[in-house]
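Fold and geometry: a report
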Amino acid sequence: MSRVVIVTRLYPPEVGAGAFRLGALGRAVAREGSEVTVLTTRPPKHAPRTPDPTDVTIKRWPVLRDRGGNVRGYVQYASFDAPAAVRSLFTRYDVAVAESPPTTGLVVAIASWLKRKPFVYYAADVWTDGVASMGAARIVVSIMRFMERAVLRRAAATISVSDEVTERLVLLGADRDRVATVGNGIATDIFHPDVPTPDEDGTYFVYTGTMSEWQQPDIFVRAFASIAREYPHVRLKFFGQGAVEGALRDVADELVPGRVDFGGVVSPAESASWIKGAVGALVSIVPGIGYDFAKPTKTYAAAAVGTPVLFAGPNTGGALVRDADLGMSTEFTVEAVAAAMRTMLADEAQGIREAERKRRSTWARENVSLSAVAHRVAQVIAQVSSSRASRMDTASSLGTEDRNTAS
């Protein structure tokens, strides 16, 4: 039986795309017959209290979190990576899997080198691009590029979530032959069209998940403010948290006081419920700052529930919405978003949304099921493990032949 260790700062019951992705991976690898150990963090206080799975051994360690409960920032990352270096060295495994950021990847790369074991790097994002997009100092970008490139070059395999991410990884130094593009997904057993709607009769748009600089969801507040008087019965709802949440609340209080609700972090099931009851699910990516290649998981969550997406941002995310007919995509401008909101409200009045719900959810189940994505990653891990085993068998047989020849 192969032993696999997954090193990640995000794991259920913590809420977020990364936690969902790694949770599904742990289960998938265990189903493949491997012994799975997860080295992760103690969940934040606001995380849902759910029991750990019985088929995966989860070892948790305290970590520094910001005021929002996130492991986000150089000090917070270091508070996870430093103990993870020691924990990895004292954990028995045949293959290690490191989730980004590259600091964690580098820790696992060094531990695996010392233990003469292969590791797989799960690259859900290109961190060098992200750091540059936030205006970090040149030396910080250079250090991040050095670490990310070192991890990519030493990984036995790199997992990429899209063709666009793969191209960026190759440009950073990854060997294309060792990059597996598996796609991204959503937990369709949680996000599906049969989830109950919340006990609320009002009409609303909803934004769920991270509120960050590279999403700038205040564009939705500003767009809503421009149409709020036309639709006095409509509200805007935000669930989740992030670096710009405080600024977002200030904008809402200034432009549309009393019309924007902030519900904080909710469980995946609650998130699915709020998405189902919405006129539209709001998704954004700021164009031109290094994340134009992104396909946000928020889009998949809305599609799985069957609710139309209102995407504001670059062409990659917009093309996904248009090609699969998942809703509307617009330019990242207040005027374009406001026009899309009006169209969605008109469609809602005509009953168009419910007629399309089943088609969208079927597309999500067939194309972006997280369990299917996790299975593909598990297959890559199994190939890395079997390849190492074959090399060891070959070395062992060669050693036997040498001894027989000598005798």
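The coordinates are above.
**Examining helix α1 (residues 17-31)**
What sets the pattern is the α-helix's 3.6 residues per turn: residues three or four places apart point alike. Here α1 contains 15 residues, and its C-alpha end-to-end distance of 21 Å stays within 8% of the 21 Å for a straight helix at 1.5 Å per residue. Within α1, the full set of buried residues consists of Gly18, Ala19, Phe20, Arg21, Leu22, Gly23, Ala24, Leu25, Gly26, Ala28, Val29 and Ala30. Immediately beyond the C-terminal end of α1, within one or two residues, lies glycine 33, with a positive phi of roughly 105°.

**Some thoughts on the nonpolar core**
In this structure, Leu25, Phe191, Trp363 and Ile381 are the most contacted members of the largest nonpolar core, which totals 97 residues. Those residues in contact with leucine 25 that sit more than four places away from it in its chain are Ile6, Val97, Tyr122, Ala374, Val377, Ala378 and Ile381. Judged by nonpolar contacts, the second largest core, of 30 residues, contains Phe205, Leu310, Met341 and Met344.

**Side note on the pattern of salt bridges**
Scanning the model with the defined rule gives 15 salt bridges in all. Between aspartate 218 and arginine 222 there is a salt bridge; the shortest N-O distance is 2.9 Å. Highlighted residues: aspartate 218 and arginine 222, both in helix α7 (residues 218-227), separated by four residues, approximately one helical turn. The class of arginine 222 is partly exposed, set by a relative accessible area of 36%. We note a salt bridge from arginine 249 to glutamate 245, for which the minimum N-O separation is 3.1 Å.

**Considering unusual backbone geometry**
Proline 12 connects to proline 13 through a cis peptide bond whose omega is 15°. For proline 13, the position within the fold is in the loop between β1 (3-7) and α1. With omega at 20°, the peptide bond leading from serine 100 into proline 101 counts as cis. Here proline 101 lies in the loop between β4 (95-99) and α3 (102-115). With phi around 55°, arginine 116 is a residue other than glycine that occupies positive phi space. Within the element layout of this structure, arginine 116 appears in the loop between α3 and β5 (119-123). Positive phi, close to 55°, is recorded for aspartate 325, a residue that is not glycine. With respect to the helices and strands, aspartate 325 occurs in the loop between α11 (315-323) and β13 (327-330). Classification of aspartate 325 as partly exposed rests on a relative accessible area of 40%.

**Re the sheet that holds strand β8 (residues 203-208)**
Adjacent strands of a sheet form backbone hydrogen bonds with each other and so pair up, either parallel or antiparallel. Strand order in the open sheet formed by six strands is β10-β9-β8-β11-β12-β13, with parallel pairing between adjacent strands. Unpaired on one side and paired on the other, β10 (260-262) and β13 mark the two borders of the sheet. The mean inter-strand angle of the sheet, taken between neighbouring strand axes irrespective of direction, is 20°. Pairing of β8 with strand β11 (residues 280-284) involves two bridges; the strand directions are parallel. Looking at β11, one finds that valine 206 is bridged to alanine 281. Packing of α7 onto the sheet brings it into contact with β8, β9 (234-239), β10, β11 and β12 (309-312), and relative to β9 it is tilted by some 170°. In this fold helix α10 (residues 297-305) packs onto β8, β11 and β12, with an angle of close to 165° to the strand it touches most, β11.

**A closer look at the sheet that holds β1**
Reading across from one edge, β3-β2-β1-β4-β5-β6-β7 is the order of the seven strands in this open sheet, with parallel pairing throughout. If you trace the sheet from one side to the other, it starts and ends with β3 (57-61) and β7 (179-181), each paired once. Geometrically, the sheet is characterised by an average inter-axis angle of 20° between neighbouring strands, direction not taken into account. As defined by bridge partners, β1 adjoins β4 across four bridges and the pair is classed as parallel. Looking at β4, one finds that valine 4 is bridged to valine 95. Along the sheet, helix α2 (residues 74-89) contacts β1, β2 (35-41) and β3; its crossing angle with β2, the most-contacted strand, is approximately 150°.

**Some remarks on the pairing of β8**
Burial within β8 is extensive, with six of its six residues counted as buried. Taking every second residue as pointing to the same face, both faces of β8 are buried, with Thr203, Phe205 and Tyr207 on one and Tyr204, Val206 and Thr208 on the other. Strand direction decides the pairing type here: β8 and β9, joined by six bridges, are parallel. Bridged to threonine 203 within β9 is valine 234. Handedness of the crossover joining β8 and β9 through α7: right-handed.

**Overview of the packing of α7 against helix α8 (residues 245-255)**
Running from amino to carboxyl end, α7 crosses α8 at an angle of 5°, the nearest separation of the two axes being 9 Å. In terms of orientation, α7 and α8 fall into the roughly parallel class. Of α8, the residues touching α7 (which contributes Asp218, Val221, Arg222 and Ala225) are Leu248, Val251, Ala252 and Leu255. Within the contact of α7 with α8, the residues separate by chemical class into six nonpolar, no polar and two charged.

Thresholds applied
Residues numbered from 1 in each chain as written. Predicted model: local features only at pLDDT ≥ 70, side-chain atom pairs only at ≥ 80, totals over all residues. Heavy atoms only, no water. Helix = DSSP H or I, 4+ residues; strand = E, 2+ residues; numbered from the N terminus. Expected span 1.5 Å × (residues − 1). Buried < 20%, exposed > 50% of the residue type's maximum accessible area, 1.4 Å probe, protein only. Core = buried A, V, L, I, M, F, W, Y, C linked by side-chain atoms within 4.5 Å. Contact = heavy atoms within 4.5 Å. Salt bridge = Lys/Arg side-chain N within 4 Å of Asp/Glu carboxyl O. Pairing = 2+ DSSP bridges. Axes fitted to C-alpha atoms, helices over the stretch in contact; angles between N-to-C directions. Right-handed = clockwise from strand over helix to strand, strands pointing away. Parallel < 35°, antiparallel > 145°, perpendicular 65-115°, else oblique. Nonpolar A, V, L, I, M, F, W, Y, C, P; charged D, E, K, R; others polar.

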